[in-house]
Structure formats: C-alpha cells, structure tokens
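Below, each chain spelled out in residue letters.
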Amino acid sequence: MPRAPWHDAVRTAAYGMITPDQRRAAQRTVRARAAAHGIALLHELAGPELSSADDLRDAIELGRTEPGPQIVGYWGELGGTARARELGALGAAGDIFVDGTIGSHTACLRRVYADLDTRGSGYLSAAQIRDHVVACAQAGLQAGFHAIGDGAVEAVLAGFEAAAEQVGHAVLRAGRHRIEHLEMTDPPMVARVAALGVYASVQPAFDAAWGGPDGMYVQRLGRDRAATMNPFGALAALGVPLVFGSDTPVTPIDPWGTIAAAVHHHNPAYRLSADAAFAAHTVAGWRAAGRDGVGELVAGAPATFAIWQVDSDHRLPELVPGGRWPVCRGTVRDGITIYRP
Ligand SMILES: [Zn+2]
C-alpha cells in the first residue's frame, strides 16, 4: 500500500469507528474463508498505520482460542521490537514501508518511471534499516520490510548487509528475516538476497494482475523493466527461500490462483514448476513462521493438511489461469478439523 499522511489519517479515523465486536466478527470471517481455501496458517501483517495493536492482539488471541487457521503476527513498526514482543508477534516486520507501490508511482525506483517524471518515494535509509535489523536480531525477532522498487530493495539489501557486519552473517541467516514483495531487482541484487539468507515473501497474483505486454507494469516502467518484475524463477535458482502470500486485501485469498500465476508467469524465464510453487505456498509458509516439518505429508509431522478434489489423475492438476481449481473438501490443523463443506 502507498504511504501518504492524509491516507493514513483517513484510515485511522475509519478504523476508529469500528467496534471491537465488529472487528472480531471480521477476523472470524477471514479465518473461516481461509480455512475453506485449505489454509491452516495465516501471516497477519499488522502495523500502527495499517491496523492497530488491538487488532493484532485480538487476531492472535482468536488463533489461540477458537478453531480455525493459526495466526502468526507481524508488527510493522520501525524500532517497534518492544511492542512486537508485547503483542506476541513473531517479528517487528511485515509492511514496514521502505517505499510505496508501482501503480501509485510511489515505489522507489533507481530510474524515473516511464509515464511520470519521478523516481517515487523512499521512506527509509539503509542506516535506519540496519539499526532495525540489529535490534530485531538482538531481541530474537524477525525483521522485515515492504520493498517493491529497485531503489527500495537496494536500501533494504544495504541495510541487511550492514546489520550482518554487526551481528554476524550466521546469526543474520538464522533469523529468517524477510522482504515483502521484492518485485523489482536485477541479477546482482538477487545474488545478494541469496547470500543474506533472507526470505522473499512474494505475491504471484501481482504478475497475473499487472504483468504481460499490456499490463500496468509496462505502462509505468516500459517493456524492459516490466520484464524483470517478480523474478520467482531467478530467486529460486539461487536458493532464495520463496514464500507465497496473497497480500489480501490487495489481491484475494486464492491459493490455487497464486500457484497457477507462478507456474504461468508472464515471463517464461521466471516460471516455477508446479511442485516448487506448491512448496512455496505450503511448507515454506510454515518455515517462514519458524515451524519446520509442517505442511508435508510425512510420518511424524503434525496432522495439518487440506483435502482436495481434483478432476484428473495427475498429482497436481493442470493449472491454467482461470481454469478449474481443485475444490477443498476439508482442512485440518493439528488434528482438528477447521473446515468441512
Ligand atoms: Zn506491503
């Protein structure tokens, strides 16, 4: 989301009109909808400008006390490590905005937009990012940032690299820190992400919505730069841990649509195999949340799975965009059924 003071002010006022009961009802609706899509774990990216501490506290509490998907929380406040711990969040991370979005010309670019004489907006310096990452590493929290344009990604990488010099590269790698979106990079940047061991929390639905020859990326960036966007295949090839998300409400909760978008990326060089895309939307989500060995059907793993009805005998159905996705016939989390049609 773009960051604009007036937008934040209006949103804060609007959210202030929502009662705690209304908010909890909305959270229950989202959890039920996610469970009906085979989702047993939600990453909630909260923050002082996006939602509120009460909102995140309630969401985490619902995840603990009522049947439905587990919720891991991220508190998106620069320097907010104490608040993140107090809220029970996994990280002072998520949408800590380093820039805005391509659509609103606020993503921070190294070169001007194709359709407007601006390079967008950079909200944080590498030094601010470094200090935040160091504070998170010392607090045992994940760090993470929203970075879309290559200018923002450059600041984030410089910040993580400077933090690694302070806390040690092994400590930094072990922290499972993350970059949200990571849409616009170049090959040297991808190599730097890989060297840091940072998770790339990416949204294939963005390519489906805005990629392609007539898409919004071409309009804003021109053909050459548009073709570099969301390079999932290039990230995976260098061993960057990829974890898929919806960025709901920007794009909807639609896990099979997400997997299909990655398999059919507009740029063939960046496509993932169905297996790799499936892993990025299942086991990788648990790993990014600090839980290894979940999201796979193996003996000894927690009984957390979804049951899918498919039309064919294939291991994974043919994932044609706009095609018929498998239908969820049940979702089980830690042995408890959280969705049954
Ligand atoms: Zn974001």
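Analysis parameters
- Residues numbered from 1 in each chain as written.
- Predicted model: local features only at pLDDT ≥ 70, side-chain atom pairs only at ≥ 80, totals over all residues.
- Helix = DSSP H or I, 4+ residues; strand = E, 2+ residues; numbered from the N terminus.
- Contact = placed C-beta atoms within 7 Å.
- Buried ≥ 20, exposed ≤ 12 C-beta atoms within 10 Å, placed from the backbone.
- Pairing = 2+ DSSP bridges.
- Expected span 1.5 Å × (residues − 1).
- Arc of directions from axis to C-beta.
- Core = buried A, V, L, I, M, F, W, Y, C linked by C-beta atoms within 7 Å.
- Axes fitted to C-alpha atoms, helices over the stretch in contact; angles between N-to-C directions.
- Right-handed = clockwise from strand over helix to strand, strands pointing away.

A.B. asks: Sorry if this is basic, but what is going on with the overall build of the protein chain here?
C.D. replies: From N to C terminus, the protein chain includes 14 helices and 10 strands. Based on the C-alpha atoms only, the size of the protein chain along its principal axes is roughly 50 × 45 × 45 Å. A separation of at least 24 residues holds for 68% of the contacts in the protein chain among residues at least 6 apart in sequence.

A.B. asks: What am I meant to see in the environment of Val 112 here?
C.D. replies: Inspection of the secondary structure assignment puts Val 112 in the loop between β3 (91-92) and α5 (126-139). Val 112 sits in the exposed class, given 12 other C-beta atoms within 10 Å. Setting aside anything within four residues of it in sequence, one finds Val 112 in contact with Asp 117, Thr 118 and Arg 119.

A.B. asks: Can you help me understand the pairing of strand β10 (residues 336-339) in this one?
C.D. replies: Consecutive side chains of a regular strand alternate in pointing toward one face of the sheet and then the other. Taken together, the 3 bridges between strand β9 (residues 327-333) and β10 define a ladder with antiparallel strand orientation. Counterpart to Arg 333 in the pairing with β10 is Ile 336. Between the antiparallel neighbours β9 and β10 lie 2 residues, among them Asp 334 with a positive phi of about 50°.

A.B. asks: Explanation requested: helix α3 (residues 53-65) in the structure shown.
C.D. replies: Owing to its 3.6 residues per turn, the α-helix aligns residues three or four sequence positions apart on the same side. For α3, spanning 13 residues, the distance from its first C-alpha to its last is 18 Å, which sits close to the expected 18 Å at 1.5 Å a residue. Turning to α3, its buried residues number three or more, namely Asp 55, Leu 56, Ala 59, Ile 60 and Gly 63. Angular distribution of buried residues about the axis of α3 spans 125°; they occupy a single face of the element. For α3, exposure combined with an orientation more than 90 degrees from the buried face picks out Arg 64 and Thr 65. Next to the buried residues of α3 lie α2 (20-36), β1 (41-46), β2 (70-75) and α4 (81-87).

A.B. asks: Explain the nonpolar core to me, please; I cannot follow it from the model alone.
C.D. replies: A general trend in soluble globular proteins is that nonpolar side chains are found buried together. One finds Ala 147, Ala 152, Val 156, Phe 160, Ala 200, Leu 235 and Leu 242 to be the most contacted residues of the largest nonpolar core, which totals 97 residues. Per-element tally for this core: the top contributor is helix α6 (residues 150-167), with 8 residues. Once residues within four sequence positions are removed from consideration, Ala 147 is found in contact with Val 98, Asp 99, Ala 152, Val 153, Val 156, Ile 179, His 181 and Leu 182.

A.B. asks: Whenever I open this one, helix α10 (residues 216-226) confuses me. Can you help?
C.D. replies: Every buried residue of α10 is accounted for by Tyr 217, Val 218, Arg 220, Leu 221, Arg 225 and Ala 226. Seen from one end, α10 has its buried residues packed into an arc of 160°, which puts them on one side. Turned more than 90 degrees from where α10 packs its buried face, Arg 223 and Asp 224 sit exposed. Along its buried surface, α10 packs onto α9 (204-210).

A.B. asks: Explain the sheet that holds β9 to me, please; I cannot follow it from the model alone.
C.D. replies: Sheets are built from strands that pair by backbone hydrogen bonding, the pairs being arranged parallel or antiparallel. Strands sit in the order β8-β9-β10 across an open sheet of 3 strands; the sheet is antiparallel. Each edge of the open sheet carries a strand with a single partner, namely β8 (305-309) and β10. Mean inter-strand twist for the sheet, computed between neighbouring axes without regard to direction, equals 25°.

A.B. asks: Whenever I open this one, the pairing of strand β5 (residues 178-181) confuses me. Can you help?
C.D. replies: Pairing of strand β4 (residues 142-147) with β5 involves 4 bridges; the strand directions are parallel. From the neighbouring strand, His 146 faces β5, where its bridge partner is Glu 180. The sheet contact formed by β5 and strand β6 (residues 199-202) spans 3 bridges and is parallel. Paired with Arg 178 across the two strands is Tyr 199, which belongs to β6. For the crossover that starts at β5, traverses helix α8 (residues 187-196) and ends in the parallel β6, the hand is right-handed.

A.B. asks: For this particular structure, what's the right way to read unusual backbone geometry?
C.D. replies: A negative phi angle is the norm for most residues apart from glycine, just as the trans form is the norm for most peptide bonds. In this structure, the amide linkage connecting Thr 248 to the following residue, Pro 249, adopts the cis form with an omega of 15°. Despite not being glycine, Arg 176 has its phi angle at roughly 50°, a positive value. Inspection of the secondary structure puts Arg 176 in the loop between α7 (169-174) and β5. We classify Arg 176 as buried; it has 20 C-beta atoms within 10 Å. Positioned with a positive phi, Asp 334 is a non-glycine residue whose angle comes to about 50°. Structurally, the position occupied by Asp 334 is in the loop between β9 and β10. The class for Asp 334 is exposed, based on 11 C-beta atoms found within 10 Å.

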